[in-house]
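Take a look at the letters that make up each chain.
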Amino acid sequence: MPDFRIAHALGSYTVTVRAGVLDELPARVEALWPGRPVAVITDDMVGALMADRLAAGPWALVLSVPAGESSKTRGRWEALTDALFSAGLTRDTAIVALGGGMVGDLAGFVAATYARGIPFLQVPTTLLAMVDSSVGGKTGVDTPLGKNLVGAFHPPAAVLADPLVLQSLPPQHLRCGLAEMAKHGLITDAAYWTELGSAAAALLARDPESLTRFIVRSVQIKAAVVVEDERENGRRAVLNAGHTVAHAVEHASGFRVSHGDAVAMGLVAEAHLAESLGLAVTGLAERVTAGLKRLSLPTRLPVDIDANQLFEAMRLDKKRAGNELRFALLHDIGVMARDADRWTVPVRDASAIVHALRTSGAA
Ligand SMILES: NC(=O)c1ccc[n+]([C@@H]2O[C@H](COP(=O)([O-])OP(=O)(O)OC[C@H]3O[C@@H](n4cnc5c(N)ncnc54)[C@H](O)[C@@H]3O)[C@@H](O)[C@H]2O)c1
Ligand SMILES: [Zn+2]
């Protein structure tokens, strides 16, 4: 699989997806930044899995934070930044973000702000990070008031994804990536959606060749959406398909439901909503459900969550962002419903939303 280049207004970078490419990490880093000091930022879990590589590499410094979303904070950003300065690293330093989306966002934000910005390499080690968070240039941290509230656009110098590292990924994290990949097909590419369903068993068995092929397609879809967003304002919002409901499910469940599972449930619930509003073709929700099931993704909302409670969570989420309630809805598989020139559709009928949530399994 050849490397390919992503170019958008923020910058351009090469994405490499290949089994075994991690063996080339030291050489790639040397080629990108000859003779410059390079610091690795990772988390404890990935750090332990990669201990040998990290011990052997040409790294000026290896910094690790505890694994998990709770490390994506301004406090960790501060501690990492201070550790780099304490080690005497100046603005000719580069950073390697080695880990899942949490590490990519946090290390990317450190890179975005360190000495007013230094380059960084994304080395995603989760499926979600490979197909989603390492592409598009968004970096940042959470605050107690919400996720990703503080951040910067800072595209990586390159992305290096090795599907072999996914062998050790816990199943729930594999599902997180699969849910976003399913979304990529649903929002832009019916053929991709169909092929994903056909390859479900191979992907779930983590067949490196299948993973490579589909990661590449997903990255290209996300990149195309991000690039178009710059010309055709607001296109990026299609990446929120399923996510309005998903965020509400995550909140209402106290984050017991993982992001990927919530996205799968959200894609189904939002397909029901689109159908009931007459925006989608009949039978869409059924087809979405069948496809997600093949990928072992959940398609019913948790029965112990009340539909009204979910609706309130959605309203609150939008209010915080100062927006009306809009959804990125499908018209058909691979085709978005449009509202004039906009990529999201306002839904003012609260009862239609609550009804769709109940149809999808909420109490
Ligand atoms: N910047 C963006 O555009 C963007 C897009 C989507 C999501 N995100 C962010 O991504 C984050 C979620 O990313 P994530 O799902 O990768 O979570 P994560 O980074 O927390 O990783 C999940 C878990 O898997 C472990 N792990 C990572 N690689 C592993 C491997 N190869 N083998 C075994 N375990 C491994 C991690 O240590 C962690 O415990 C969120 O913070 C989210 O906001 C950002
Ligand atoms: Zn998501």
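Above this text sits the structure in question.
Presented here is an overview of the structure given in this document. (Residues numbered from 1 in each chain as written. Chains lettered and ligands numbered in written order. Predicted model: local features only at pLDDT ≥ 70, side-chain atom pairs only at ≥ 80, totals over all residues. Heavy atoms only, no water.)

1. Details of the overall build of the protein
Heads up, the rule is: A helix here means a DSSP run of H or I that spans at least four residues, while a strand means a run of E at least two residues long, and both kinds are numbered starting from the N terminus. Partly exposed describes any residue whose relative accessible area lies between the buried limit of under 20% and the exposed limit of over 50%, with all areas from a 1.4 Å probe on protein chains only and scaled to the type maximum. It only takes one pair of heavy atoms within 4.5 Å for two residues to be counted as in contact. Under the convention used here, a 1.4 Å probe and the Shrake-Rupley method define accessible areas, while residue burial counts only the protein chains that appear.
When helices and strands are counted, the protein shows 15 helices and 13 strands. Summarising its shape, the C-alpha atoms of the protein cover approximately 60 × 40 × 40 Å along the three principal directions. In the protein, which comprises 363 residues, the share counted as buried stands at 54%. Counting contacts in the protein only where the partners sit at least 6 residues apart, residues at least 24 apart contribute 72% of the total. Of the roughly 14,800 Å² of accessible surface on the protein, a fraction of 54% belongs to carbon and sulfur atoms.

2. Some thoughts on the site of ligand 1
Rule in force here: By convention in this text, a residue qualifies as near a molecule or strand provided that one of its non-hydrogen atoms is within 4 Å of it. By the criterion applied in these results, polar contacts are pairs of N or O atoms within 3.5 Å in which, for protein atoms, one can donate a hydrogen and the other can accept it, and in which residues neighboring in sequence qualify only through two side-chain atoms. Only Asp, Glu, Lys and Arg are considered charged, only Ala, Val, Leu, Ile, Met, Phe, Trp, Tyr, Cys and Pro nonpolar, and every remaining residue, Gly among them, polar.
As a structural note, the neighbourhood of ligand 1 is formed by 25 residues, with E69, G101, T125, T126 and S168 the closest of them. Here G101 contributes a backbone N or O atom positioned 2.8 Å from an oxygen atom of ligand 1. K147 is positioned with one of its side-chain polar atoms (N or O) 3.1 Å from an oxygen atom of ligand 1. Expressed as a share of its isolated accessible area of 870 Å², the protein-covered part of ligand 1 is 87%. Only α2 (44-49), α5 (101-113), α6 (127-133) and β8 (146-153) provide two or more residues apiece to the shell around ligand 1. Looking at side-chain class alone, the shell around ligand 1 contains nine nonpolar, eight polar and eight charged residues.

3. As for the coordination of the zinc ion (ligand 2)
Filter applied, for reference: Coordinating N, O and S atoms are those within 2.8 Å of the metal (3.2 Å for Na, K and Ca), and as water is not part of the atoms, a site may appear to have fewer donors than expected.
Around the zinc ion (ligand 2), the protein contributes the donor atoms E180 (OE), H243 (NE2) and H259 (NE2), at 2.0 to 2.1 Å from the metal centre. Spacing between the donor residues of the zinc ion (ligand 2) along the chain follows E-x62-H-x15-H. Within this pair, whereas H243 is found in helix α11 (residues 243-252), its partner H259 is found in helix α12 (residues 259-276), the two being separated by 16 residues in sequence. Given a relative accessible area of 7%, H243 falls into the buried group.

4. Description of the packing of aromatic side chains
How two aromatic rings sit relative to each other is given by the distance of their centres and the angle of their planes. Rules: Here a Phe, Tyr or Trp ring, Trp counted by its six-membered ring, pairs with any other such ring whose centre lies within 6.5 Å, and the pair is stacked when the planes are under 30 degrees apart, edge-to-face when over 60, and tilted otherwise. In this analysis the charged atom, NZ for Lys or CZ for Arg, is taken to sit over a ring once it is within 6 Å of the ring centre and within 35 degrees of the ring normal.
This structure, assessed with the given rule, holds three aromatic pairs. When the ring of W77 is compared with that of F109, the centres are 5.9 Å apart and the planes differ by 35°; the resulting orientation is tilted. Here the residue W77 occupies a position in helix α4 (residues 74-86), and F109 occupies one in helix α5, the gap between them amounting to 32 residues. By relative accessible area, W77 is classed as partly exposed at 26%. Judged by relative accessible area, F109 falls into the buried class, the value being 7%. Geometry around W343 places R235 over its ring, the cationic atom sitting 4.5 Å from the centre.

5. Structural notes on unusual backbone geometry
Even without being glycine, A115 reaches a positive phi, approximately 50°. By the element assignment, A115 lies in the loop between α5 and β6 (120-124). When its relative accessible area of 25% is taken as the criterion, A115 is described as partly exposed. A positive phi angle, near 60°, is found at F255, a position not held by glycine. Structurally, F255 is set in the loop between α11 and α12. On the basis of relative accessibility, which here comes to 45%, the residue F255 falls in the partly exposed class.

6. So, the sheet that holds strand β2 (residues 11-17)
The criterion, for reference: Any two strands between which DSSP finds at least two bridges are classified as paired. Axis definition: a line fitted to C-alpha atoms, limited for helices to the stretch in contact. Angles are taken between N-to-C directions and run from 0 to 180 degrees.
Spatially, the seven strands line up as an open sheet ordered β1-β2-β9-β6-β5-β3-β4, and their pairing is mixed. The strands lining the two open edges of the sheet, one partner per strand, are β1 (4-8) and β4 (61-65). Strand-to-strand, the axes of this sheet are offset by a mean angle of 20°, without reference to chain direction. Judged from the five bridges that link them, strand β5 (residues 94-99) and β6 form a sheet pairing that is parallel.

7. Quick notes on the pattern of salt bridges
To keep things clear, this is the line we draw: Just to be clear on terms, a salt bridge is a Lys or Arg side-chain nitrogen sitting within 4 Å of an Asp or Glu carboxyl oxygen.
Applying the stated criterion across every chain yields a total of 21 salt bridges. Linking R28 and D3 is a salt bridge whose minimum nitrogen-to-oxygen distance equals 3.5 Å. Residue R28 is located in helix α1 (residues 25-32), and its partner D3 is located in the segment before β1; the two are separated by 25 residues in the primary sequence. Accessibility expressed as a relative area gives 21% for R28, which makes it partly exposed. Of the charged contacts in the structure, one is a salt bridge between D261 and R175, with a shortest N-O distance of 2.9 Å. Highlighted residues: D261 in helix α12 and R175 in helix α7 (residues 171-188), separated in sequence by 86 residues. Accessibility expressed as a relative area gives 23% for R175, which makes it partly exposed. Three or more residues are tied together by salt bridges with common partners; here these are E69, K72, D105, D142 and K147.

8. Examining the packing of α7 against helix α10 (residues 208-231)
This is how it is decided: The labels follow the angle: roughly parallel below 35 degrees, roughly antiparallel above 145, roughly perpendicular from 65 to 115, and oblique for the rest. Each crossing is labelled by how the near helix is turned from the far one, with a counterclockwise turn of less than a right angle marking it left-handed and a clockwise turn marking it right-handed.
Contact pair α7 / α10: the axes reach a minimum separation of 10 Å and the direction vectors enclose 55°. Classified by the angle between their axes, α7 and α10 sit oblique to one another. Considering the relative orientation of α7 and α10, their crossing is left-handed. Along the contact surface, α7 presents M181, H184 and T188, while α10 presents F214, I215, S218, I221, K222 and V225. Of the residues that constitute the contact of α7 with α10, the class distribution is five nonpolar, three polar and one charged.

9. Structural notes on the nonpolar core
Under the convention used in this document: We define a nonpolar core as any set of buried Ala, Val, Leu, Ile, Met, Phe, Trp, Tyr and Cys residues linked to one another through side-chain atoms lying within 4.5 Å.
Ranked by internal contacts, the top residues of the largest apolar core, which has 102 residues, are L127 and L357. Per element, the largest residue contribution to this core is 10 residues, and it comes from α12. Apart from the residues lying within four places of it in its own chain, the contact partners of L127 are L166, L169, L174, G177, L178, M181, L211 and I215. Counting 20 residues, the second-largest nonpolar core is a separate cluster that includes M102, I118, F120 and V141.

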